[in-house]
Structures are given as C-alpha cells and as structure tokens.
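Architecture at a glance
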Amino acid sequence: VDSKTTAATTTAAAEEDARRKLELLVRKKKEAEEARKNEEAQRAAEAAEAAAARKKREEKAAAEEERKKKAAEAAKREIEVKKKLLAARQAALKKKAAAAAAAAKKAAEEAAAKKAKLLA
C-alpha cells in the first residue's frame with residue numbers, strides 16, 4: 001500500500017470524523033433549543049394557570065363579598081319590618097289601654113250616678 005492511498009484513507013477518515021462531530025454539534029444545538037422552548041412553554045403554562053387560579057380566587061372573594069352585602073341588606077330590611085310591626089303593636093296596645101281606661105271611667109261614672117240616685 002503506497003503512501004498516497006494511506007494519506008487519502010486517513011484524510012477521508014478525518015473528514016468523516018469531522019462531519020460526524022459537526023452533525024453531533026448541530027443535533028445537540030437543536031436539542032438545547034428545543035429544551036429551551038419547552039421550558040419557556042412550561043413557564044408560560046404555569047403562569048397562565050396561576051393567573052387563572054388567582055382570577056378564580058378573586059371572583060370567589062367578590063361573590064362572597066356580594067353575598068355578605070346582600071345578607072346585610074336583607075337583615076337591615078328585616079329589622080325595619082320588625083320595628084314597624086312593634087310600633088304598630090304598641091299603637092294598638094295604647095289604643096286598647098285608652099279604650100279600657102275610657103270604659104272604666106264610664107263605668108265608674110255610671111256607678112257614681114246610680115249611687116247618687118240611690119242616696120237621693
């Protein structure tokens with residue numbers, strides 16, 4: 001085997017080795033880029049998920065606040081109704097008491113008049 005053939009074989013082997021190394025570097029670069037993109041997508045998905053969870057919590061808190069507000073308003077209305085009922089009852093009781101007092105006064109006057117007639 002002459003030196004030209006050996007040199008050509010060695011050169012061809014060196015070129016093949018360099019080509020393989022280059023392909024490996026290109027493949028590793030692509031894999032690294034893909035991994036970076038996947039990481040970014042994962043972070044974006046996690047951020048979106050966190051934002052959705054935060055929004056849901058805020059909506060729930062707002063709904064709870066609205067429910068409390070409505071409950072407080074309902075309680076206030078109920079108190080007003082009870083106050084009006086109580087005032088009406090008190091007015092009715094005063095009326096009854098006044099009527100009873102008037103009846104008692106009339107009965108006392110009638111009794112006094114009968115007594116006066118008997119004594120006369």
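Not measured: the values here are computed from a predicted model. (Residues numbered from 1 in each chain as written. Predicted model: local features only at pLDDT ≥ 70, side-chain atom pairs only at ≥ 80, totals over all residues. Heavy atoms only, no water.)

**What about the overall build of the protein chain?**
The criterion, for reference: The helix count covers DSSP runs of H or I at least four residues long, the strand count covers runs of E at least two residues long, and both are numbered beginning at the N terminus. Restricting the calculation to C-alpha atoms gives the radius of gyration, and the globule rule supplies 2.2 Å times the number of residues raised to the power 0.38. Think of it in three bands: with a 1.4 Å probe and only protein chains considered, a residue is buried below 20% of the maximum accessible area for its type, exposed above 50%, and partly exposed in between. To be clear on the numbers: accessible area is Shrake-Rupley with a 1.4 Å probe, and residue cover counts the displayed protein chains and nothing else.
Per the secondary structure count, the protein chain includes one helix and zero strands. On C-alpha atoms alone, the protein chain measures out to a radius of gyration of 51 Å, which is more than a quarter above the 14 Å that the 2.2 N^0.38 rule sets for 120 residues. With the principal axes as the frame, the protein chain shows a C-alpha extent of 175 × 15 × 5 Å. Taking all 120 residues of the protein chain together, 0% fall into the buried category. Carbon together with sulfur atoms contributes 61% to the accessible area of the protein chain, which is approximately 11,100 Å² in total.

**Looking at the pattern of salt bridges**
Our working rule: Any carboxyl oxygen of Asp or Glu that lies within 4 Å of a side-chain nitrogen of Lys or Arg is treated as forming a salt bridge with it.
Applying the stated criterion to the full structure yields ten salt bridges. Two residues, E23 and R19, come together in a salt bridge whose shortest N-O distance is 2.4 Å. On the criterion of helical spacing, the pair formed by E23 and R19 is a turn pair, its members being four residues apart in helix α1 (residues 3–119). The exposure class assigned to E23 is partly exposed, which follows from its relative accessible area of 41%. Judged by relative accessible area, R19 falls into the partly exposed class, the value being 39%. In this structure, the salt-bridge partner of E40 is R36, at a minimum N-O distance of 2.4 Å. Of this pair, E40 and R36 both sit in helix α1, four residues apart, which is roughly one turn of that helix. Residue classification places E40 among the partly exposed residues on the basis of a relative accessible area of 38%. If you follow the salt bridges from partner to partner, you end up with E16, R19, R20 and E23 in one network.

**Topic: the environment of K60**
With respect to the secondary-structure elements, K60 resides in helix α1. Classification of K60 as exposed rests on a relative accessible area of 66%. A C-alpha to C-alpha distance of 84 Å links K60 and K117, two positions 57 residues apart in sequence.

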